[in-house]
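Structure at a glance
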Amino acid sequence: MHILIVEDEASIAGFLRKGLEANGFHVQIASDGLMGQKMALDYPYDLIIADVNLPRQNGRDMVEILRRQQVDTPILMLSALGTSNDIITGLDVGADDYLVKPVQFDILMARVRALTRRHTGRLNSEPTLVVGDLVLNQDERTAKRGNRPINLTAKEFQLLEYLMQNQGRVVSRASIAEQVWDMQYTMSSNSIEVYVGILRKKIDQPGSPQLIHTVIGEGYVLRAP
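Calculation notes
- Residues numbered from 1 in each chain as written.
- Predicted model: local features only at pLDDT ≥ 70, side-chain atom pairs only at ≥ 80, totals over all residues.
- Heavy atoms only, no water.
- Core = buried A, V, L, I, M, F, W, Y, C linked by side-chain atoms within 4.5 Å.
- Buried < 20%, exposed > 50% of the residue type's maximum accessible area, 1.4 Å probe, protein only.
- Helix = DSSP H or I, 4+ residues; strand = E, 2+ residues; numbered from the N terminus.
- Contact = heavy atoms within 4.5 Å.
- Pairing = 2+ DSSP bridges.
- Axes fitted to C-alpha atoms, helices over the stretch in contact; angles between N-to-C directions.

1. Regarding the nonpolar core
Counting residues in each nonpolar core, the largest one holds 45 residues, and the members touching the most others are Ile-48, Leu-160, Ile-176 and Leu-222. No other element matches the six residues that helix α6 (residues 154-165) contributes to this core. Residue contacts for Leu-222: discarding those within four places in its chain leaves Val-131, Leu-134, Leu-160, Leu-163, Met-164, Gln-167, Gly-168, Leu-211 and Ile-212. In this structure, Leu-20, Leu-47, Ile-49 and Met-109 belong to the second largest nonpolar core, which totals 15 residues.

Below is the structure:
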């Protein structure tokens, strides 16, 4: 599972990262609110842990913007601001949980497990992804557009699944490389472009409305017309 930590204090971010990675999580760190917002919009993390007092954009504003952008990733807010009003405000803007610093790491881990467990349960409850007339069944590993079955290799299926899970959101080549290929994206590699091209030929055949779109300089988005 992938966790995004949005924290400007390097010592705290490092402590959280070390502990979470020791428990089997993949962790990335953003040092300010705007960076955290961009990363959260670009990649479907399993959990976001965010401070309230952040440079460039505070954590509450970041959470509120993410929720307006339909990002449903669980968000755990950490803050030294611990009044009832602080906690209520954090939850009201869209956070799922709120812990006051300093916090015991075992308590933090219990909250992390609870949030990711609930989120995974919600994701697993819907095995079928639908965008327009394109239907993908994650349990049966099948895809079809209208009444036309689409034959996909394992990697093509993973790529389409990722695009459909993020329907309407632009996903970068870097996030595709990490999520689908489990590797870092390099500008010299054109494997992602090749696979998207193959997938587009299978999905967007002549006479059908285009679903897979290229956003120049940013990545790709799958959306219904």
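2. Here's the deal with the environment of Leu-129
Checked against the element boundaries, Leu-129 lands in strand β6 (residues 128-131). Once the C-alpha coordinates of Leu-129 and Leu-4 are considered, the two residues, 125 residues apart in sequence, prove to be 25 Å apart.

3. Examining the sheet that holds strand β7 (residues 134-137)
The strand order β6-β7-β8-β9 describes an open sheet built from four strands, whose pairing is antiparallel. Unpaired on one side and paired on the other, β6 and β9 (148-149) mark the two borders of the sheet. Bridge count for β6 against β7 is four bridges, and the pairing is antiparallel. Among the inter-strand pairings, Thr-128 is bridged to a residue of β7, identified as Asn-137. The strands that α6 touches are β6, β7 and β8 (142-145); relative to β7, the one it contacts most, it runs at about 115°.

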